[in-house]
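Observations on the three-dimensional arrangement
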Amino acid sequence: MGNLEEFQHLMARNSGIDGVLSTRIPRLILIRSSSPTEPIHTLHQPAVCFIAQGSKQVMLGDTVQTYDPNRYLTVSVDLPVIGQVIDASAEKPYLCLRLDLNPAMLSALVIEMGSSPLDARVPGPGLFLSDTTPELLDAIVRLLRLLDRPDEADLLAPLAEREILYRLLMGEQGHRLRQIARSESKLTQVTRAIEVIKRDFRKPLRIEDLAARANMGLSSFHQHFKAVTAMSPLQYQKQLRLQEARRLILGQSIDAATAGHHVGYDSPSQFSREYARLFGQPPLRDIARLRAAPSYLLEA
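Notes on the structure in this doc start here. (Residues numbered from 1 in each chain as written. Predicted model: local features only at pLDDT ≥ 70, side-chain atom pairs only at ≥ 80, totals over all residues. Heavy atoms only, no water.)

1. What about the packing of aromatic side chains?
Cut-off, in case you're wondering: Stacked, edge-to-face and tilted labels apply to pairs of Phe, Tyr and Trp rings (six-membered ring for Trp) whose centres lie within 6.5 Å, assigned for plane angles under 30 degrees, over 60, and everything in between, in that order. Sitting over a ring, as applied to charges here, requires NZ of Lys or CZ of Arg to be within 6 Å of the ring centre and within 35 degrees of the ring normal.
Taken as a whole and judged by the stated rule, the model has six aromatic pairs. One aromatic cluster is present, formed by Y265, F271, Y275 and F279 through successive ring pairs. The residue whose ring lies beneath R176 is F128, and the NZ or CZ to ring-centre distance is 4.8 Å. R241 extends its terminal NZ or CZ atom over the ring of Y265, reaching a point 5.7 Å from the ring centre.

Structure follows, in structure tokens:
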């Protein structure tokens, strides 16, 4: 059995049913869907995603990228994205492994590998695709095998994870991942601002405070923030607000006006307009549609 076939076999056996499954191995998530999904809005945290079977589209800003078993997805910062499984069936379900990035392990590995000159260019998008190499796939399969060996997993899983990160750092996009581990990198500076927006997304946004938190001038901050996230800080905040409001309405049966106020909107009509602009329908119709389609649970 080749590595890809074993990857598919292990994913199918350990995922079992459609949905997002946490595993006993820290940061390792298995995702399965037996049919294509609607576009799903989510805040994607820093992670690397490997598809064993099927394919998926992910949209950041106006850019749409498609990945499959030949290419893997890396997300280097928290990003509001739209994902859609486009190739899946009951016979051949979409199978995806997500490994959330461990900044501490990444930083330690970068230090051990030796320093390299910090890239002074404007950082690229915080979401990108790379080719899946045989060496990387081999390390992924060895990590998955440990799900069947819990007595070995505590010791060996960190080693397999470390090898995966090493392969990523040595790959074609390794310079982007190195920026996560460098406290002085532009990506890390933007990440500091993102942390503030996530924490205080209900409050009015002060761009000057964000730029100061990122240790950048206003013009440089706007340039770098948009380069990484494909949106302005205000657009980023708006997406966080609307996604949280949608979660509240869907999960806690809160009415739209209350949800809008909870996430920082003073005007119910403005909230409804912006909600419809992002999700395609006003809150009541959107929520009714989601409840009739279980694919909204596939938020990865």
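We are not done yet, so read on.
2. Examining the pairing of strand β8 (residues 79-87)
Spelled out, the test is: Only strands joined by at least two bridges in the DSSP assignment are considered to pair. The helix and strand labels rest on DSSP assignments: H or I over at least four residues marks a helix, E over at least two residues marks a strand, and numbering proceeds from the N terminus.
Summarising the sheet, strand β3 (residues 40-44) and β8 pair through five bridges and their orientation is antiparallel. Looking at β8, one finds that H41 is bridged to I82.

3. Some words on the pattern of salt bridges
Note the threshold: In the sections that follow, a salt bridge refers to a side-chain nitrogen of Lys or Arg positioned within 4 Å of a carboxyl oxygen of Asp or Glu. Exposure classes here rest on a 1.4 Å probe applied to the protein chains alone. A residue is buried below 20% of its type maximum, exposed above 50%, and partly exposed in between.
Tallied over the entire structure, the rule returns 19 salt bridges. In this structure, K238 engages E274 in a salt bridge whose closest nitrogen and oxygen atoms are separated by 3.6 Å. Of the two residues, K238 is situated in helix α9 (residues 233-252) and E274 in helix α11 (residues 268-279); the sequence distance between them amounts to 36 residues. The exposure class of K238 is partly exposed, given its relative accessible area of 32%. Among the ionic contacts, a cluster of salt bridges with common partners joins E38, R246, D286 and R289.

4. Points about the sheet that holds strand β1 (residues 19-22)
We count it as follows: A fitted line through C-alpha atoms serves as each axis, taken over the contacting stretch for helices, and the angle formed by two N-to-C directions is quoted from 0 to 180°. In this analysis, two residues are considered to be in contact whenever any of their non-hydrogen atoms come within 4.5 Å of each other.
Taken together, the six strands give an open sheet; going across it, the order is β1-β2-β9-β4-β7-β10, and neighbouring strands pair in antiparallel fashion. In this open sheet, the two strands that pair with only one neighbour each are β1 and β10 (127-131). On average, each strand axis in the sheet is inclined to that of its neighbour by 25°, with strand direction left out of account. Relative to strand β9 (residues 94-100), strand β4 (residues 47-53) runs antiparallel, the two being bridged by six bridges. Across the sheet, the residue bridging to F50 is L97, located in β9. Helix α3 (residues 134-145) contacts β2 (28-33), β4, β7 (71-75) and β9 of the sheet and is inclined by roughly 90° relative to β9.

5. Focus: the packing of helix α2 (residues 103-113) against helix α4 (residues 150-169)
Operational definition: Crossing chirality is assigned from the near helix's rotation relative to the far helix, an anticlockwise turn below a right angle marking it left-handed and a clockwise turn marking it right-handed. Gly counts as polar in this scheme, as do all residues outside two lists: the nonpolar Ala, Val, Leu, Ile, Met, Phe, Trp, Tyr, Cys and Pro, and the charged Asp, Glu, Lys and Arg.
Direction vectors running N to C along α2 and α4 enclose 60°, while the axes themselves pass 10 Å from each other. Crossing angle aside, the handedness with which α2 passes α4 is right-handed. Note on element contacts: α4 touches α2 through P158, E161, R162, L165, Y166 and L169, opposite M105, L106, L109, V110, E112 and M113. Looking at the contact of α2 with α4, its residues break down into nine nonpolar, no polar and three charged.

6. Details of the pairing of β10
Within β10, four of the five residues are buried, which leaves it mostly tucked inside the rest of the structure. When β7 meets β10, the two strands line up antiparallel, connected through five bridges. Bridged to R71 within β10 is D131.

7. Topic: the packing of α3 against α4
How two helices sit against one another is set out by the angle between their axes and by the gap between those axes. Formally: Roughly parallel here means an angle under 35 degrees, roughly antiparallel means over 145, roughly perpendicular means 65 to 115, and every remaining angle is called oblique.
With their axes 9 Å apart at the nearest point, α3 and α4 run at an angle of 160° to one another. Regarding the angle of α3 to α4, the classification is roughly antiparallel. In this structure, the crossing between α3 and α4 has a hand that is left-handed. The residues of α4 that touch α3, namely those facing E135, L136, A139, I140, R142 and L143, are A157, A160, E163, I164, R167 and L168. Looking at the contact of α3 with α4, its residues break down into eight nonpolar, no polar and four charged.

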